[in-house]
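Understanding the architecture of this molecule
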Amino acid sequence: MTTLLGLDLAGRTVLVAGGGPVAARRARAMADDGAHVRVVAPQVCEDLRDLVAASLRAPLLAPSPVGLRADGGAAPGGRVTWAPREVRESDVEDAWLVLAATDDSGTDRDVAAWAAARRTWCVHAGAAHEGTARTPATTRSGDVLVGVVTDVPAAGVPGDGRARERRQADSPGERRGADPRRARAVRDAIAEHLRSGGVDQRHHRPAPGGLGRVTLVGGGPGAVDLLTVRGRRALAEADVVVADRLGPVDVLDELAPGVEVIDVGKTPGNHPVPQHEINTILVEQAQRGRRVVRLKGGDPFVYGRGGEEVLACRAAGVPVDVVPGVSSALSVPALAGIPLTHRGTVAAFHVVSGHDGLDAAALAGVRDRTATLVVLMGVSQLARITAQALGAGADPALPVAIVENGSTPRQRVTRAPLGEIVERAAQSGVRPPAIIVVGDVAAAGRLDPATVA
């Protein structure tokens with residue numbers, strides 16, 4: 001029978017007998033969890049040698065809670081040392097956990113026996129049933145760690161009545177040992193479910209000090225499946241979502257019951273909730289101990305005023321982090337088949353806000369055809385932008401494409417030369433949200449086979 005437990009290895013000694021790829025992979029994982037890993041093997045593989053060298057260069061650091069940095073990555077904390085010799089029984093003496101992975105079945109069996117004699121848990125990498133512990137297939141979602149193992153009756157251990165009944169009910173062909181591939185398959189299915197945002201991961205215990213946190217999530221151009229995995233996870237953990245009009249608004253229908261949604265969306269010329277009030281909402285919600293997601297279209301730091309919201313949170317002492325998003329400036333042209341750079345055509349691009357008009361660098365790039373111009377929020381300023389470009393000497397025949405509602409079923413592309421785009425846009429009824437692309441790459445058929453060098 002198998003009992004699944006979570007072990008705190010931070011600051012504790014773990015013996016790894018063996019120097020191959022399996023030993024290296026397990027040593028790295030346990031060092032990331034803060035363990036003091038002692039490798040004993042005559043030779044070690046390159047990955048393990050690099051791990052030992054890195055541990056010698058880096059100071060020993062205390063691990064952060066749940067082994068995570070604030071950005072969600074593995075926290076430093078462990079160290080890895082190597083004794084270049086054969087493993088001995090005395091190596092087991094001070095270990096809290098032992099991994100036998102020498103690639104020699106006899107040696108691994110001896111290591112497991114030495115550990116069992118000292119009542120120390122031992123993972124036998126080559127024959128799981130000969131060890132007293134097994135490494136689960138794991139997946140992580142934030143601070144939630146999920147482990148999967150297959151249940152295996154221990155040899156010679158009768159177990160309780162229910163265990164005996166289960167074993168007796170199995171046919172001889174069903175009495176199998178540990179099945180790592182099966183565990184990994186189940187793990188992968190669970191990981192995919194977690195990544196999809198389909199699991200309610202809200203915290204049910206209050207944060208220390210009663211203070212919540214704010215996460216700015218870049219939602220991408222609008223399609224839900226262009227939202228990042230980390231953004232999905234933040235939404236699954238949210239108590240309240242402060243949402244814009246643009247971005248993946250359909251994902252709001254997938255939130256767990258009870259998640260509060262606060263709409264602060266803006267339309268051109270109509271800002272019912274001004275930015276300073278949005279800042280106040282974020283801070284006050286977090287001060288109530290709630291996890292707040294500020295869901296934005298595109299990327300929070302690309303004309304998203306995310307920097308102002310971060311400053312407001314930090315000024316109030318509220319923890320805040322940012323999940324980058326797929327910027328509409330890059331993704332919408334790509335979805336319309338427009339490469340912002342293209343070998344032999346243009347090697348740079350310039351992104352501006354339509355509200356501000358074109359600066360000297362943007363005008364130079366358009367005039368000299370040295371950079372593709374990408375204009376966000378520019379539909380209402382199209383005539384002004386066009387006049388600026390023509391006045392700076394841009395070619396009236398320079399291709400222009402306007403992509404409306406990028407990434408959604410309503411996506412539409414309107415094309416015309418620079419000198420005609422204002423009239424064509426009016427005839428077509430172009431409306432925001434839209435991205436304007438000015439440059440040779442915006443020409444129709446640019447990626448057709450006949451035009452590819």
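Described below are features of the structure shown in this document.

Rules used in this analysis
- Residues numbered from 1 in each chain as written.
- Predicted model: local features only at pLDDT ≥ 70, side-chain atom pairs only at ≥ 80, totals over all residues.
- Heavy atoms only, no water.
- Helix = DSSP H or I, 4+ residues; strand = E, 2+ residues; numbered from the N terminus.
- Buried < 20%, exposed > 50% of the residue type's maximum accessible area, 1.4 Å probe, protein only.
- Contact = heavy atoms within 4.5 Å.
- Areas by Shrake-Rupley, 256 points an atom, 1.4 Å probe, with all protein chains shown as cover.
- Pairing = 2+ DSSP bridges.
- Axes fitted to C-alpha atoms, helices over the stretch in contact; angles between N-to-C directions.
- Phe/Tyr/Trp six-rings, centres within 6.5 Å; stacked < 30°, edge-to-face > 60°.
- Lys NZ or Arg CZ within 6 Å of the ring centre and 35° of its normal.
- Parallel < 35°, antiparallel > 145°, perpendicular 65-115°, else oblique.
- Left-handed = near helix turned anticlockwise from the far one by under 90°.
- Nonpolar A, V, L, I, M, F, W, Y, C, P; charged D, E, K, R; others polar.
- Expected span 1.5 Å × (residues − 1).
- Arc of directions from axis to C-beta.
- Polar contact = N/O pair within 3.5 Å; in protein donor to acceptor, adjacent residues only side chain to side chain.

For the chain, the count of helices and strands is 12 helices and 17 strands. Counting across all 453 residues of the chain, residues that qualify as buried make up 42%. Put simply, 65% of the contacts in the chain that link residues at least 6 apart link residues at least 24 apart. Total accessible area computed for the chain in this model is approximately 23500 Å², and 53% of it derives from carbon and sulfur atoms.

Once that is clear, we can look at the environment of Gly325. Relative to the assigned elements, Gly325 resides in the loop between strand E12 (320-323) and helix H9 (328-335). Sequence separation of Gly325 and Leu216 is 109 residues, and the distance between their C-alpha atoms is 9.6 Å.

Our focus in this paragraph is the sheet that holds E12. With parallel pairing, the five strands of this open sheet are ordered in space as E10-E9-E11-E8-E12. The open sheet has two edge strands, strand E10 (260-263) and E12, and neither has a second partner. Neighbour-to-neighbour, the strand axes of this sheet turn through a mean angle of 20 degrees, independent of strand direction. Sheet topology places strand E8 (residues 213-218) next to strand E11 (residues 291-296); six bridges connect them, and they run parallel. When the sheet's bridge partners are listed, Val214 is paired in E11 with Val292. Lying over the sheet, helix H6 (residues 229-236) contacts E8, strand E9 (240-243), E11 and E12, oriented at roughly 140 degrees with respect to E8.

Moving on, we come to the packing of aromatic side chains. Under the criterion given, the structure shown has zero aromatic pairs. Stacked on the ring of Trp96, the Lys or Arg Arg12 has its end atom at 4.5 Å from the ring centre.

The next point concerns the packing of helix H7 (residues 275-287) against helix H8 (residues 306-315). At a minimum axis distance of 9 Å, the contact between H7 and H8 shows a crossing angle of 45 degrees. Taken together, the axes of H7 and H8 are oblique relative to one another. Considering the relative orientation of H7 and H8, their crossing is right-handed. Contacts from Gln275, Ile278, Asn279, Leu282 and Val283 of H7 reach H8 at Glu308, Glu309, Ala312 and Cys313. The residue makeup of the contact of H7 with H8, split by class, is five nonpolar, two polar and two charged.

By the secondary structure assignment, Ser331 is in helix H9. For Ser331, the contacting residues outside a window of four places in its chain are Pro221 and Val326.

So, on to unusual backbone geometry. The residue after Pro432, namely Pro433, is reached through a cis peptide bond having omega 5 degrees. Tracing the chain through its elements places Pro433 in the loop between helix H12 (421-428) and strand E17 (434-438). Positive phi values are uncommon outside glycine, yet Tyr303 reaches one of about 55 degrees. Residue placement: Tyr303 occurs in the loop between E11 and H8.

Moving on: helix H2 (residues 46-57). For H2, spanning 12 residues, the distance from its first C-alpha to its last is 17 Å, which sits close to the expected 16 Å at 1.5 Å a residue. Those residues of H2 lying buried are Leu48, Leu51, Val52 and Ser55. On an axial view of H2, the arc spanned by its buried residues comes to 95 degrees, and they lie on one face. Turned more than 90 degrees from where H2 packs its buried face, Glu46, Leu56 and Arg57 sit exposed.

Where strand E4 (residues 97-100) and strand E5 (residues 121-124) come together, four bridges link them in parallel fashion. Across the sheet, the residue bridging to Leu97 is Trp121, located in E5.

Turning to the side chain of Ser407, a few remarks are in order. One can find Ser407 in the loop between strand E15 (399-404) and strand E16 (412-417). With relative accessibility at 16%, the residue Ser407 sits in the buried group. Within the structure, the side chain of Ser407 is placed 3.5 Å from the backbone nitrogen of Gly222, a separation counted as a polar contact. Not counting residues within four places of it along the chain, the set of residues in contact with Ser407 comprises Pro221, Gly222, Ala223, Leu226 and Leu335.

All right, on to H6 then. All buried positions along H6 are accounted for by Gly231, Arg232, Ala234, Leu235 and Ala236. Structurally, H6 contributes buried residues whose contacts are with helix H5 (180-195), E8, E9, E11 and E12.

The N-to-C vectors of helix H11 (residues 382-391) and H12 enclose an angle of 160 degrees; their axes lie 9 Å apart at closest approach. Here H12 runs roughly antiparallel to H11, going by the angle between their axes. Of the two elements, H11 crosses H12, and the hand of that crossing is right-handed. Residue-level inspection shows Leu382, Ala383 and Thr386 of H11 in contact with H12, the latter providing Ile421, Val422 and Ala425. Among the residues forming the contact of H11 with H12, the class breakdown is five nonpolar, one polar and no charged.

Structural measurements only, silent on function.
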